[in-house]
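Listed below are the residues making up each chain.
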Amino acid sequence: MREYFVYIAASPSRTIYIGVTNNLERRMYEHKRKLFKGFTAKYGVDRLVHMEEFANIDDAIAREKELKGWRRARKVALIEEENPRWYDLSHSWFQ
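A quick note: this is a predicted structure, and the numbers were derived from the prediction, not measured.

Draft legend 1. Representation of the overall build of the protein chain within the structure. Broken down by element type, the protein chain carries four helices and three strands. Put simply, the protein chain runs from its N terminus to its C terminus through helices and strands in the order β-β-α-α-β-α-α. Scaling as 2.2 N^0.38, a compact globule of 95 residues should have a C-alpha radius of gyration of about 12 Å, and the protein chain matches this with 13 Å. The C-alpha extent of the protein chain, read off along each of the three principal axes, is 30 × 30 × 25 Å. Burial analysis of the protein chain (95 residues in total) assigns 43% to the buried set.

Laid out in structure tokens, this is it:
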């Protein structure tokens, strides 16, 4: 069974990015190393602050689109519901 993840990554100044991937560890490694030019590299978005797991890619993509449609305050509330200090959930993966 495949796993898919919708995730929210943030910069130290709390700029946020929402994405979907089938390999969250690899994707966070790419963000941390700025392997792809673009929004996350430009703004230093490399801290995993929220994640949701799905068994079906269509469900994951639908959730990603739903979250992207939310106002910022609602996204912040979602993050802070389980991660009030915006701790990097992937911190220990790369030591």
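Now that the structure has been shown, we can carry on.
Draft legend 2. Here's a closer look at helix α4 (residues 72-82). Of all the positions in α4, only Lys 75, Val 76, Leu 78 and Ile 79 are classed as buried. Projection of α4 onto a plane perpendicular to its axis shows the buried side chains occupying an angular sector of 155°, all on one side. Turned more than 90 degrees off the buried face of α4, the exposed positions are Ala 73 and Glu 81. Packed against the buried residues of α4 are β1 (4-10), β2 (16-21), β3 (47-54) and α3 (57-69).

Draft legend 3. Region of interest: the packing of aromatic side chains. Inspection of the entire model under this criterion finds five aromatic pairs. Their ring planes at 50° and their centres at 6.1 Å tell us that Tyr 7 and Tyr 17 sit as a pair that is tilted. On the criterion of sequence distance, the pair formed by Tyr 7 in strand β1 and Tyr 17 in strand β2 is long-range, its members being ten residues apart. For the pair Phe 39 and Tyr 43, a centre-to-centre distance of 4.9 Å together with 45° between the ring planes defines the contact as tilted. Within this pair, Phe 39 and its partner Tyr 43 are both found in helix α2 (residues 39-43), separated by four residues, close to a single helical turn. The exposure class assigned to Phe 39 is partly exposed, which follows from its relative accessible area of 39%. Feature note: the residues Tyr 7, Tyr 17, Phe 39 and Tyr 43 constitute an aromatic cluster, connected by ring pairs.

Definitions and cut-offs
- Residues numbered from 1 in each chain as written.
- Predicted model: local features only at pLDDT ≥ 70, side-chain atom pairs only at ≥ 80, totals over all residues.
- Heavy atoms only, no water.
- Helix = DSSP H or I, 4+ residues; strand = E, 2+ residues; numbered from the N terminus.
- Rg over C-alpha atoms; globule rule 2.2 N^0.38 Å.
- Buried < 20%, exposed > 50% of the residue type's maximum accessible area, 1.4 Å probe, protein only.
- Arc of directions from axis to C-beta.
- Contact = heavy atoms within 4.5 Å.
- Phe/Tyr/Trp six-rings, centres within 6.5 Å; stacked < 30°, edge-to-face > 60°.

Nothing here speaks to function; it is geometry throughout.
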